[in-house]
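# Structural description and commentary
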Amino acid sequence: MALTGSAGPVLSREEVDRELTRLTAEREAVEAALLALQDHPGRRLLEGATLTGRTEERWQAAAQGFTLLWTYFDRYNEALAAARAVRSRRSRPGSPELAELSELLRGRAVTVSGGQLPDAAHQLTGPARLVEQLSLTELMDRMNSWYATVLEVVNAADAVWSALPARIDLLLAELRRVTSLAGSVGVRPGSHPLGDDLSDLEQELTGLRAEVLADPLALWRPARVPAQRGRETTTSVVAAQQAAAGAVDVSRFDQAGRTLDSIRVELEQLLRLRDEADERLHQVADLLHRADATLGEARQARGEVLAKIAATEVPAVPGPLAALRDGVHQAAELRQNGLWHRLAPLLDALEEQAAQELQRARQSLTEVTAPLAVRAELRGRLDAYKAMAARLGVAEDPEVIERYEKARWLLWSAPCDLRAAAAAVTRFQQALRPAAAPQDARRYDGQGE
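Quantities reported herein were computed from a predicted structural model and do not represent experimental measurements.

For the rest of this paragraph, the subject is the overall build of the protein. Scanning the protein from terminus to terminus reveals 15 helices and eight strands. Counting the 449 residues in the protein, one finds 41% classified as buried. Looking at the protein alone, contacts between residues at least 24 apart form 79% of all its contacts between residues at least 6 apart. Entry remark: accessible area of the protein is about 23600 Å², with carbon and sulfur atoms responsible for 52%.

As structure tokens, then:
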């Protein structure tokens, strides 16, 4: 029957040697992890930073845990050294040595301060324990638990500090460049919405940078629920490193970047306006000049129509739009004073209104000259019918001659009665129908439509 002790069955020499080898390798891995954690840039930054919010709360617990880790490691190292000392007494240890080694390696042979236990703050149901006896396995579990807690905090803080402050500084520098550019086209806070947007954006980025530096964990999204102080978990160093994964929340930074891009696009439009303002104002002036010239032509044509066409209602010719001319003068003043943000909407409106003004002038000219166009069309038809009369051999017919002369007299006299002239042309056309061959009649009818 195997010997037993308070730690359970007594280990054999081979089992003792294997356990010492395993625990020694585990100790070396823990020492390497603790040294790496001690040199971790996130931990160094956390120790020297003025923290607030969630980061301050979690770092207070993590900083205590980091101290406890080294204390636990010292206890672990002492216990392992004591076991190796016992094992080195004899090459083939006897039953007393094996029993002692079994107690050291498997039993609760490690003494730690009760006030330093991770769950000490939550032990409210019983008296506080000044010391507690732990096995090496239990002590390793405690170290792994605290290592996961500390690593999560330092990894998260380092990830946020690595990802955001430098990018925020670059965006702030770009924001200041855009703000300077905005000032060159008169866009300033209080005078233009874009100026207010730039000011608000600078406050947002400045506040975000301060928050990142003081409370980086507020911008960390862990892949799992963060390890809590006092919650014991059995985990390895590798598992703790994997559990510390997560992502930096860059949504506010990205939104600020998009806002700045949008503002930059609008400012670029104002800059283009500054470069093109002279040409665009010249184009507006040219449209208005052409509109004035067309209206002048319409007024002259109206006088001609009134003199040459009888019994016709000729529409009045409108005058130039005074408000439009005032707008052109205002635009020139805004350009002179460099108020590009105010010039932009005004110039857009002036271009549209000037095009409409030219169209209005052309429409007026068309309406005024319509009677002259009708007279010209009737004259053309009369000449065409005369040519047809000659082709049909009826040009010398007295009735044809009479009707032609009547129509011609009406069309070339002033003032011309368009209704009587149109009727006379129709009668002349009708005088040609009996003499026209069917094919000619069809062609003839097409001309008279």
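Read on for the rest.
Between helix 6 (residues 165–184) and helix 9 (residues 251–308), the shortest axis-to-axis distance is 10 Å and the interhelical angle comes to 25 degrees. Between helix 6 and helix 9, the crossing angle belongs to the class labelled roughly parallel. For the pair helix 6 and helix 9, the crossing hand works out as left-handed. Across the interface between the two elements, Arg167, Ile168, Leu171, Glu174, Leu175, Arg177, Val178, Leu181, Ala182 and Ser184 of helix 6 pack against Phe253, Asp254, Ala256, Gly257, Leu260, Ile263, Arg264, Leu267, Leu271 and Arg274 of helix 9. Taken together, the residues of the contact of helix 6 with helix 9 sort by class into twelve nonpolar, two polar and six charged.

Okay, the side chain of Arg264 next. Tracing the chain through its elements places Arg264 in helix 9. In terms of polar contacts, Arg264 uses its side chain to reach the side chain of Glu174, at 3.0 Å. If we skip the residues at most four places from it in the chain, Arg264 touches Glu174, Arg177 and Val178.

With that settled, the discussion passes to the environment of Arg408. Relative to the helices and strands, Arg408 resides in helix 13 (residues 398–412). Exposure remark for Arg408: the relative accessible area of 37% places this residue in the partly exposed category.

This part takes up the pairing of strand 3 (residues 110–113). Every regular strand shows the same layout, with side chains that alternate between the two sheet faces. Of the two faces of strand 3, only one is covered, namely that formed by Val110 and Val112; the face formed by Thr111 and Ser113 stays uncovered. Two elements, strand 3 and strand 4 (residues 131–134), share four bridges in a ladder whose sense is antiparallel. Within strand 4, the residue paired with Val110 across the bridge is Leu134.

Looking now at helix 14 (residues 418–432). Taking 1.5 Å per residue, 15 residues should reach 21 Å; helix 14 reaches 22 Å between its end C-alpha atoms and fits that length. Buried within helix 14 are the following residues: Leu418, Ala421, Ala424, Val425, Phe428, Gln429, Ala431 and Leu432. An end-on view of helix 14 places all buried positions within 160 degrees of arc, on one side of the element.

Scanning all chains against the criterion turns up 26 salt bridges. For Arg89, the salt bridge identified is with Glu100, shortest N-O distance 3.2 Å. Separated by eleven residues along the polypeptide, Arg89 in the loop between helix 3 (53–87) and helix 4 (95–106) and Glu100 in helix 4 bring together distant segments of the chain. When its relative accessible area of 52% is taken as the criterion, Arg89 is described as exposed. Of the charged contacts, one joins Arg252 and Glu204 as a salt bridge, the two residues approaching to 3.3 Å between their closest N and O atoms.

Now for the packing of helix 12 (residues 370–392) against helix 13. At a minimum axis distance of 10 Å, the contact between helix 12 and helix 13 shows a crossing angle of 160 degrees. As far as their axial angle goes, helix 13 and helix 12 are roughly antiparallel. In the packing of helix 12 onto helix 13, the handedness of the crossing is left-handed. Only Val400, Tyr404, Ala407, Arg408, Leu411 and Trp412 of helix 13 make contact with helix 12, whose side of the interface consists of Arg375, Leu378, Arg379, Leu382, Asp383, Lys386 and Ala389. Looking at the contact of helix 12 with helix 13 residue by residue, the class counts come to eight nonpolar, no polar and five charged.

A grouping of Asp196, Asp197, Asp200 and Glu266 is seen on the molecular surface, where their side chains present a negatively charged patch. With respect to the element layout, Asp196 can be found in helix 7 (residues 193–214). Exposure remark for Asp196: the relative accessible area of 33% places this residue in the partly exposed category.

Under the criterion given, the structure shown has two aromatic pairs. Ring centres 5.9 Å apart and planes at 90 degrees place the aromatic pair Trp70 and Phe73 in the edge-to-face group. Placement of both Trp70 and Phe73 in helix 3 is noted, with a separation of three residues, approximately one turn of the helix. Relative to Phe428, the ring of Tyr404 has its centre 5.6 Å away and its plane inclined at 55 degrees; by these criteria the two rings are tilted. Highlighted residues: Tyr404 in helix 13 and Phe428 in helix 14, separated in sequence by 24 residues. Exposure class is identical for Tyr404 and Phe428. Each is buried. If you follow Arg379 out to its NZ or CZ, it ends over the ring of Trp412, 4.4 Å from the centre.

The next thing to look at is the environment of Leu378. Mapped onto the fold, Leu378 is located in helix 12. Each C-alpha atom of the pair Leu378 and Arg408 lies 9.7 Å from the other, and the pair is 30 residues apart in sequence. Ignoring sequence-local partners within four residues, the contact set of Leu378 consists of Leu411, Leu418, Ala421, Ala422 and Val425.

For the rest of this paragraph, the subject is the confidence of the model for the protein. Of the residues in the protein, 86% have a pLDDT of 70 or more, and the chain-wide mean is 82. Under a pLDDT of 50 for its full length, residues 117–126 has, in the predicted model, 19 contacts with residues more than four places off or in other chains.

Going from Ala414 to Pro415, the amide bond is cis rather than trans, its omega being -5 degrees. Its location among the elements puts Pro415 in the loop between helix 13 and strand 8 (416–417).

Parameters and conventions
- Residues numbered from 1 in each chain as written.
- Predicted model: local features only at pLDDT ≥ 70, side-chain atom pairs only at ≥ 80, totals over all residues.
- Heavy atoms only, no water.
- Helix = DSSP H or I, 4+ residues; strand = E, 2+ residues; numbered from the N terminus.
- Buried < 20%, exposed > 50% of the residue type's maximum accessible area, 1.4 Å probe, protein only.
- Contact = heavy atoms within 4.5 Å.
- Areas by Shrake-Rupley, 256 points an atom, 1.4 Å probe, with all protein chains shown as cover.
- Axes fitted to C-alpha atoms, helices over the stretch in contact; angles between N-to-C directions.
- Parallel < 35°, antiparallel > 145°, perpendicular 65-115°, else oblique.
- Left-handed = near helix turned anticlockwise from the far one by under 90°.
- Nonpolar A, V, L, I, M, F, W, Y, C, P; charged D, E, K, R; others polar.
- Polar contact = N/O pair within 3.5 Å; in protein donor to acceptor, adjacent residues only side chain to side chain.
- Pairing = 2+ DSSP bridges.
- Expected span 1.5 Å × (residues − 1).
- Arc of directions from axis to C-beta.
- Salt bridge = Lys/Arg side-chain N within 4 Å of Asp/Glu carboxyl O.
- Patch = residues over 30% accessible without salt bridge, like charges linked within 9 Å, V, L, I, M, F, W, Y side chains within 5 Å.
- Lys, Arg positive; Asp, Glu negative; His and termini not counted.
- Charge placed at Lys NZ, Arg CZ, Asp CG, Glu CD.
- Phe/Tyr/Trp six-rings, centres within 6.5 Å; stacked < 30°, edge-to-face > 60°.
- Lys NZ or Arg CZ within 6 Å of the ring centre and 35° of its normal.
- pLDDT = per-residue confidence, 0-100.

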